[in-house]
Amino acid sequence: MLRKGSEVVRGDREVLLDLDYGGEAQTTESYGSLHNGGFIPPRYLSATAADDDEDMAGGDDPIYIHCNTRSNQPLPQLGNYFRDGRTKIDFVLVWEVRSRRKRRGKGTSEAPSEEGGAVATEESSRSERRKAQLAQWREKFVQNLTSVGLLMEKEETANEKKTIHFLKLSAPWDVMVYYAEELCLRAPLQAQPHLDLNTSAQVLSRLCIPNVMTEAVPNRPLDYYTCAFRKSKMNRFLGCDEHETYFTNTQRHRVVYEILARTVYGRKKRAEVGVDRLINEGAYTAAFPLHEGPFQLPKFEIRPDELNQRQVLYHYWARWWRWYKYQPLDHIREYFGEKIALYFAWLGFYTAWLLPAAVVGTLVFVSGVMSMHTNAPAKEICTSGASYLMCPLCNTCKAWNMSEICTMAQLGYLFDHPGTVFFSVFMSFWAVTFLEYWKRKMATLAHHWDCMDFHEEEERPRPEFAAMAPTMEQNPVTGVKEPYFPEKTRLSRMFTGSMVIIMMLCVVMIFLVTVVMCRGIISVMMFHTGSPVLRTEAGTIANISSSIVNLGLILLMGRVYTALAEQLTKWEMHRTQTQYDNAFIFKVFIFQFVNFYSSPFYVAFFKGRFVGYPTNYGTLFGMRNEDCGPGGCLIELAEQLFIIMVGKQLINNIQEFIIPKVKAWRQKRTLAKVLGDKASREPRRWEEDYQLVECEGLFEEYLEMVLQFGFITIFVAAFPLAPLFALLNNWVEIRLDAHKFVCEYRRPVAERAQNIGVWFNILEALSHLSVIANAFLIAFTSDFLPRLLYQYKFDNDLNGYVNFTLAHAPLNYTEYPMCRYKAYRDNNGNYTLFYWELLAVRLGFIIAFEHVVFFVLRAIDWIVPDVPESLELKIKRERYLAKQALAENQEALLVSRGRGAATVTPGTSSPASDASFGNMS
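Structure report, in brief. (Residues numbered from 1 in each chain as written. Predicted model: local features only at pLDDT ≥ 70, side-chain atom pairs only at ≥ 80, totals over all residues. Heavy atoms only, no water.)

1. Quick look at the overall build of the protein chain
Working step 1: Counting its regular elements, the protein chain contains 30 helices and 16 strands.
Working step 2: Contacts in the protein chain between residues at least 24 apart in sequence constitute 77% of all its contacts with a sequence separation of at least 6. (Helix = DSSP H or I, 4+ residues; strand = E, 2+ residues; numbered from the N terminus. Contact = heavy atoms within 4.5 Å.)

2. Quick notes on the side chain of Ser770
Working step 1: Within the secondary structure, Ser770 sits in helix 24 (residues 758–781).
Working step 2: Each residue touching Ser770, except ones within four places of it in the same chain, is listed here: Thr713 and Ile714.

3. Digging into the nonpolar core
Working step 1: Counting residues in hydrophobic clusters, the biggest one holds 105 residues, and the most contacted among them are Trp346 and Tyr350.
Working step 2: The element best represented in this core is helix 11 (residues 338–370), accounting for 16 residues.
Working step 3: Sequence-distant contacts of Tyr350, defined by excluding residues within four places in its chain, comprise Trp430, Phe434, Met705, Gln708, Phe709, Ile712 and Asn730.
Working step 4: Met176, Leu189, Cys240 and Tyr284 belong to the second largest nonpolar core, which has 44 residues in total. (Core = buried A, V, L, I, M, F, W, Y, C linked by side-chain atoms within 4.5 Å. Buried < 20%, exposed > 50% of the residue type's maximum accessible area, 1.4 Å probe, protein only.)

4. Observations regarding the pattern of salt bridges
Proximity of charged atoms lets side chains of opposite charge pair with each other.
Working step 1: One pass over the structure, following the stated rule, counts 36 salt bridges.
Working step 2: Here Glu338 makes a salt bridge to Arg254, at a shortest N to O gap of 3.5 Å. In this pair, Glu338 is assigned in helix 11 and Arg254 in helix 7 (residues 249–262), connecting sequence segments 84 residues apart.
Working step 3: Overall, the relative accessible area of 15% leaves Arg254 in the buried class.
Working step 4: Measuring nitrogen to oxygen at the nearest pair gives 3.4 Å for the salt bridge that ties Lys439 to Glu436. Within this pair, Lys439 and its partner Glu436 are both found in helix 14 (residues 418–448), separated by three residues, close to a single helical turn. Assigned by exposure class, Lys439 and Glu436 land together as buried. (Salt bridge = Lys/Arg side-chain N within 4 Å of Asp/Glu carboxyl O.)

5. Here we look at a positive patch on the surface
Working step 1: A cluster of basic residues, Arg98, Lys131, Lys161, Arg669 and Lys673, forms a positive patch on the protein surface.
Working step 2: Along the polypeptide, Lys161 turns up in the loop between strand 2 (151–158) and strand 3 (162–170).
Working step 3: Its relative accessible area of 45% is what places Lys161 among the partly exposed residues. (Patch = residues over 30% accessible without salt bridge, like charges linked within 9 Å, V, L, I, M, F, W, Y side chains within 5 Å. Areas by Shrake-Rupley, 256 points an atom, 1.4 Å probe, with all protein chains shown as cover. Lys, Arg positive; Asp, Glu negative; His and termini not counted. Charge placed at Lys NZ, Arg CZ, Asp CG, Glu CD.)

6. A few points about empty space enclosed by the protein
Working step 1: Tallied over the full model, the rule gives five cavities of 30 Å³ or more.
Working step 2: Looking at the largest cavity, its volume works out to about 70 Å³.
Working step 3: Lining the largest cavity, in full, are Val508, Phe511, Leu512, Asn550, Leu553, Ile554, Met557, Asn595 and Ser598.
Working step 4: At the level of secondary structure, the elements contributing two or more residues to the lining of the largest cavity comprise helix 16 (487–528), helix 18 (538–571) and helix 19 (577–605).
Working step 5: Tallied by class, the residues present in the lining of the largest cavity amount to six nonpolar, three polar and no charged. (1 Å grid on protein atoms, 1.4 Å probe; cavity = no way out; pocket = protein on both sides within 12 Å on 5 of 7 lines; lining within 4 Å. Points joined across faces, edges and corners; volume = space filled by probe spheres on them. Nonpolar A, V, L, I, M, F, W, Y, C, P; charged D, E, K, R; others polar.)

7. A closer look at unusual backbone geometry
Working step 1: Of note in this structure, Cys184 is not a glycine but carries a positive phi near 60°.
Working step 2: For Cys184, a relative accessible area of 27% corresponds to the partly exposed category.
Working step 3: Positive phi, close to 60°, is recorded for Met573, a residue that is not glycine.
Working step 4: Following the sequence through the fold, Met573 ends up in the loop between helix 18 and helix 19.
Working step 5: Taking the relative accessible area as the measure of exposure, Met573 reaches 4% and is therefore buried.

8. Re helix 25 (residues 784–793)
Working step 1: Regarding helix 25, the residues found buried are Phe784, Leu785, Pro786, Arg787, Leu789 and Tyr790.
Working step 2: Lining the buried residues of helix 25 we find helix 12 (376–382), helix 14, helix 24, helix 26 (801–805) and helix 27 (833–863).

9. Details of helix 10 (residues 329–336)
Working step 1: Judged by how many residues are buried, helix 10 sits mostly within the fold: six of eight residues are covered.
Working step 2: Buried residues of helix 10: Leu329, Asp330, His331, Ile332, Tyr335 and Phe336, and no others.
Working step 3: Among the structural elements, helix 7, helix 9 (309–318), helix 11, helix 14 and helix 23 (722–744) are those in contact with the buried residues of helix 10.
Working step 4: A positive backbone phi angle near 95° is found at Gly337, which sits one or two residues after helix 10.

10. A short note on the state of the cysteines
Working step 1: For the coordinates displayed, the defined rule picks out two disulfides.
Working step 2: A sulfur-sulfur distance of 1.8 Å marks the disulfide that ties Cys382 to Cys406. Here the S-S torsion is close to 90°, and the disulfide linking Cys382 with Cys406 is therefore right-handed. Separated by 24 residues along the polypeptide, Cys382 in helix 12 and Cys406 in helix 13 (residues 406–412) bring together distant segments of the chain.
Working step 3: Given the relative accessible area of 27%, Cys382 is considered partly exposed.
Working step 4: Judged by relative accessible area, which is 18%, Cys406 ranks as buried. (Disulfide = S-S within 2.5 Å.)

11. Some details on the packing of helix 24 against helix 27
Working step 1: Direction vectors running N to C along helix 24 and helix 27 enclose 155°, while the axes themselves pass 9 Å from each other. Taken as axis vectors, helix 24 and helix 27 run roughly antiparallel relative to one another. Viewed along their axes, helix 24 and helix 27 form a crossing whose handedness is right-handed. Across from His768, Val771, Ile772, Ala775, Phe776, Ile778, Ala779 and Phe780 in helix 24, the residues of helix 27 making contact are Leu839, Arg842, Leu843, Phe845, Ile846, Phe849, Glu850, Val853, Phe854, Leu857 and Arg858. (Axes fitted to C-alpha atoms, helices over the stretch in contact; angles between N-to-C directions. Parallel < 35°, antiparallel > 145°, perpendicular 65-115°, else oblique. Left-handed = near helix turned anticlockwise from the far one by under 90°.)

12. Describing the sheet that holds strand 1 (residues 91–98)
Working step 1: The four strands are arranged 2-3-1-6 in an open sheet whose pairing can be described as antiparallel. In the strand order of this sheet, the two ends are held by strand 2 and strand 6 (286–288), each with one partner. Mean inter-strand twist for the sheet, computed between neighbouring axes without regard to direction, equals 20°.
Working step 2: Here helix 7 sits on the sheet in contact with strand 1 and strand 3, set at roughly 50° to strand 1. (Pairing = 2+ DSSP bridges.)

13. What to know about the pairing of strand 1
Working step 1: Taking burial as the measure, the eight residues of strand 1 include six buried ones, the bulk of the element.
Working step 2: Two elements, strand 1 and strand 3, share eight bridges in a ladder whose sense is antiparallel. Residue pairing for strand 3: Val97 is matched across the bridge by Thr163.
Working step 3: Sheet topology note: the strand 1/strand 6 ladder contains three bridges and is antiparallel. Opposite Val94, over in strand 6, you have Ala286 as the bridge partner.

14. Concerning the environment of Gln567
Working step 1: Along the chain, Gln567 falls in helix 18.
Working step 2: Its relative accessible area of 49% is what places Gln567 among the partly exposed residues.
Working step 3: For the pair Gln567 and Gly497, spaced 70 residues apart in sequence, the C-alpha to C-alpha distance is 9.9 Å.

15. Thoughts on the packing of helix 10 against helix 11
Working step 1: Across the interface, helix 10 lies against helix 11 with an axial gap of 7 Å and an inter-helix angle of 150°. With respect to helix 11, the element helix 10 is oriented roughly antiparallel. The crossing of helix 10 and helix 11 is right-handed. Counting all contacts with helix 10, which are made through Leu329, Ile332, Arg333 and Phe336, the residues of helix 11 involved are Glu338, Ile340, Ala341, Phe344 and Ala345.
Working step 2: Of the residues assigned to the contact of helix 10 with helix 11, the class counts are seven nonpolar, no polar and two charged.

If you want it as structure tokens, here you go:
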């Protein structure tokens, strides 16, 4: 039975924005009646009837009436539609309710003790109140969604223990038109030919070389000249008569999610607004748009253009054997939105640029292997025999002969020869040139995907911000009153958060000192074993084992701090989602930068600098300060980089491969238990998508790649193979991420973006830091400049170089008189003249290196424009078409001005304003 619902007394926008709307409470059927899943909005109800209160009392959820699931109505057709086969499903809300039969059954068991019964009763009562609260929130939330105009249809999957409810949402044409204008969606004006955005394809085509990377992907989205949507200019836009297909699925998802994010379900003072908060509270278990059907290819023969969007992406992009093909970026953007498409565009562009860096780095490494036999200092060490008796490496160790480290001296040459100096210069130019050309690519994609004019001032306040802001202030850009949070209060909170960050960084430094001491203890233990092999390789064993321990601490601290940074960023009350994301990214990156790079920085720039000399050794907590190993500090740095960088990549890839599958398996298992005997039937689209894993965003993906970028640029002088390992990892990463998004993740809401955001600023900072770091690495850590100065002053063939770099112990050192140690000191422990000359050369090299590189970089920045000339022409063409489309608006404005501005009184709108913006009826 149906009865007439209460009249909707407020407009859509007024109800949506009035968070304390306390209108007449609607009954269960007031927002529509659910007959076998069919929904009829209240504004369209013409029948009236009385409802049955007893039936309502027996249901699991008070917002919905019982559906006759055994009706003789025909089964719904497969696909993302309501049961009528015409209304598109734009979003699905899911919640689970435990059956009351189970709860009642528990009461029939043997009676517990009086005290235990009281506790159980209290817990049961608390649980019932909580469930009633969640049901009340869902009821008010759905009522407000109905007031906005969304269409709804409900499905259930149940067994004797649990019922899973699926509420399907759809935005009708009038709602889409209203929000398309409010959200500044782009509308097509004129079709244009597709552009070939792959530079490598253009180069290969000019050279008449076959391109195995190109592939024809079916159903490529059309390209249009566009302008901002205006309801009053509807007839000027292409396809405006086709209501079913005019808005893309991603645009529909964006509109419905905007409504869900802004709709209230409780009180404003308690920030009870938005579907995300409802999910956190447990009222809903999930909210997501649906995938476009299955990703598996059909078993029967089918034409490529008949595949759905998801199947196209899987077959032509997400499969592993497509690793060498171009990514179908237009298809990715059409299915996932601009933000995700820009990530994959950047990742593909970065991977392509890694190819020349990996080739040059591999050639440099191979050249080092081939020229090892020409290394005069290594030959001198290997043939020295007992000539060089070295001072003990610890207080309880014995003296040792330098010839024992022959192997390590030869291996050290692989990471410290003239080729590595050239490669560090090459990578400095590579990093900045890569970013300059990415800016051009980013501008081209932003225009191609209609995001060139997307700016932060278009962004609305975050729902959480709008709900928790204490006051309302006028927006200086739009002139509309918006929720406002005092800037001074935010700054004070940010300052407090920065103190927490500093404390966490101190914890990282404590862990670093712990790792250093652990390395020293392991080295001493290796020396005391008495084994010649272990004693020779003590430094290497200690360095590798401590690096593995350090990697574990890095990953652990990264998890802890990310959760802490998220809470701090929420507390700071940032207005827009972009500001929130930037603040969160900045916090996490600062911490992860210190977390990952502190140990390599220590080895590169501090280890071996404060050792001292016999009778005057430097100490830390009673332990002698570390010295560089037999092969020098660069080989130890290379070992650390290999373990931390490659180890992190392997662990991340394993986690990305296994964790989504485990989560999906658990979700499928839960749903299979609910389906029971019905599991044999083909699951419906919303059930299949509910089994998938919730998309966790792009933060972890960007962070992983940006940290990798730092490893291959900042410390590349010590590890020429770093770009090669990064290239191999990224080939896997692209297909792994693609497979996750297409096959294992629920479909994320499409988001607009003009660029990769604050990540680009971080990449620029890393590229400039890499120039400085490589300059200091070559000057102070490498033996390049000492060898060069020795060749200039003494011997061009480096004969006697090793003996020249070794100082004699002071005369008052009686344990091992006249033992040798590596330093430029005289017999009294004072620095020699060569040390000061070398210091001057090192400082001069740093200044010259930085100035030359930065000058060339500025020249590249000036020569290479950020926006290509061809793109500027397209932008002008699009602006011209937009002006033509809105010409009537300009004429109305001129007519209005001709009549005189005095006739327009405050509180009224001019004809031009009405013609320009229009209102939704």
